[in-house]
Amino acid sequence: MLTKNTCATYARHATLRPMATTTTPDTRAEGRRALGQRLMAARKVKEFTRAELAEKIDSSAEAIRNYEVGKHAPGAEALTSLADVLGVSADYLLGRGRG
């Protein structure tokens, strides 16, 4: 049975030891850069400019650039649209498969 003292002990330890996370800011940035590289490669295979791709997914060339350089990651809707237009899977863009 948990007592008031036991709960206080758990609370104290929780504040002293931060919870481990599987995704750190560095790994998120690396993931965005890797997604950007796959996105750029798929765009070049289709021979689209950033502006042409942006028009096809109702976005801006600046947004496509930000995705490709890893500054931002596309949301779910944009990711799905990009995958459809480029003829690859969203899993491929996310690095979870071959395409």
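Residues numbered from 1 in each chain as written. Predicted model: local features only at pLDDT ≥ 70, side-chain atom pairs only at ≥ 80, totals over all residues. Heavy atoms only, no water.

### A short note on the overall build of the protein
Part 1: Helix and strand counts for the protein come out as six helices and zero strands.
Part 2: Each helix (α) and strand (β) of the protein, taken in turn from the N terminus, gives the series α-α-α-α-α-α.
Part 3: Evaluated residue by residue, the protein yields a buried proportion of 26% over its 99 residues.
Part 4: Of all intrachain contacts in the protein linking residues separated by at least 6 positions in sequence, the fraction that spans at least 24 positions is 53%. (Helix = DSSP H or I, 4+ residues; strand = E, 2+ residues; numbered from the N terminus. Buried < 20%, exposed > 50% of the residue type's maximum accessible area, 1.4 Å probe, protein only. Contact = heavy atoms within 4.5 Å.)

### Section: the side chain of E68
Part 1: Within the secondary structure, E68 is located in helix α4 (residues 61–69).
Part 2: Among the polar contacts listed, one links the side chain of E68 to the side chain of R50, at a separation of 2.7 Å.
Part 3: In contact with E68, not counting residues within four places along its chain, are G36, Q37, L39, M40, R43 and R50. (Polar contact = N/O pair within 3.5 Å; in protein donor to acceptor, adjacent residues only side chain to side chain.)

### A few points about the pattern of salt bridges
If charged atoms from side chains of opposite charge come close, those side chains can pair.
Part 1: One pass over the structure, following the stated rule, counts three salt bridges.
Part 2: For E68, the salt bridge identified is with R43, shortest N-O distance 2.6 Å. A residue pair is termed long-range when its members are at least 10 positions apart, and E68 in helix α4 and R43 in helix α2 (residues 25–45) qualify at 25 residues.
Part 3: Here E68 falls in the buried class, since its relative accessible area comes to 5%. (Salt bridge = Lys/Arg side-chain N within 4 Å of Asp/Glu carboxyl O.)

### What to know about α4
Part 1: Residues A63, I64, N66, Y67 and E68 constitute the buried set of α4.
Part 2: On the buried face of α4, the contacting elements are α2, α3 (50–56) and α5 (76–86).
Part 3: Count one or two residues on from α4 and you reach G70, which has phi positive near 85°.

None of the figures reported here should be taken as evidence of function without further support.
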